[in-house]
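Listed below are the residues making up each chain.
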Amino acid sequence: MTVVSKLAVAALLMLPAFAYAQAAEDGFPEAGSKNAYSSLEVPTKLAPESRSLSELLTDGYVITTASHVAKGAIFTLRKDRKAILCVLTAPFTQSDQNVPTSRCWALN
């Protein structure tokens, strides 16, 4: 086997790792990428919710998913057939924000 063909085989073996490295930070393939698992980006309605995360939980919503992000945590809530997305931001002692805050949006 020549040096060129060995390099070609090595490059082919590394393709899955390269494709994985090209995925978005959330682990999903980028929208529009040439990937069998890539979906189209579709506009999604986010209606601001005037209630806090605490109020929604008191009202009977249940946390179905949770994820940590750089500036806090993201929660998905459900009650009956309604889904709500909330971002919880913890107090930041190096700023004037000294209480936890939440921002929520209804997805449907």
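Below or above, wherever it landed, is the structure these notes cover. (Residues numbered from 1 in each chain as written. Predicted model: local features only at pLDDT ≥ 70, side-chain atom pairs only at ≥ 80, totals over all residues. Heavy atoms only, no water.)

**Topic: the pairing of strand E2 (residues 62-69)**
On any regular strand, side chains alternate: one points to one face of the sheet, the next to the other face.
Next up, step 1: Where E2 meets strand E3 (residues 72-79), seven bridges bridge the pair, whose relative direction is antiparallel. Of the residues in E3, the one forming a bridge with Val69 is Gly72. (Pairing = 2+ DSSP bridges. Helix = DSSP H or I, 4+ residues; strand = E, 2+ residues; numbered from the N terminus.)

**As for the sheet that holds strand E1 (residues 47-49)**
Next up, step 1: Taken in spatial order, the five strands make up an open sheet running E1-E5-E4-E3-E2, and their pairing is antiparallel. Each end of this open sheet is capped by a strand with a single partner; those strands are E1 and E2. Between one strand axis and the next, the sheet turns through 25° on average, direction left out of account.
Next up, step 2: Of the pairings in the sheet, the one linking strand E4 (residues 82-89) to strand E5 (residues 101-106) comprises six bridges and is antiparallel in character. Bridge assignment links Val87 to a residue of E5, and that residue is Arg103. (Axes fitted to C-alpha atoms, helices over the stretch in contact; angles between N-to-C directions.)

**What to know about the state of the cysteines**
Next up, step 1: Going through the model one piece at a time under the given rule, you end up with one disulfide.
Next up, step 2: Through a disulfide, Cys86 is tied to Cys104; the S-S separation comes to 2.1 Å. Measuring the twist about the S-S bond at about 115°, one finds the Cys86-Cys104 disulfide to be right-handed. Placement of the pair is Cys86 in strand E4 and Cys104 in strand E5, with a sequence separation of 18 residues. (Disulfide = S-S within 2.5 Å.)

**Focus on the pattern of salt bridges**
Next up, step 1: Within this structure, the stated rule accounts for four salt bridges.
Next up, step 2: When the shortest N-O distance is used, the salt bridge between Lys82 and Glu49 registers 3.9 Å. With Lys82 in strand E4 and Glu49 in strand E1, this residue pair connects regions lying 33 residues apart in the sequence.
Next up, step 3: For Lys82, a relative accessible area of 29% gives the class partly exposed.
Next up, step 4: Glu49 sits in the buried class, given a relative accessible area of 16%.
Next up, step 5: A salt bridge links Arg51 to Asp59; the nearest nitrogen and oxygen atoms lie 2.8 Å apart.
Next up, step 6: The class of Arg51 is partly exposed, set by a relative accessible area of 25%.
Next up, step 7: On the basis of relative accessibility, which here comes to 37%, the residue Asp59 falls in the partly exposed class. (Salt bridge = Lys/Arg side-chain N within 4 Å of Asp/Glu carboxyl O. Buried < 20%, exposed > 50% of the residue type's maximum accessible area, 1.4 Å probe, protein only.)

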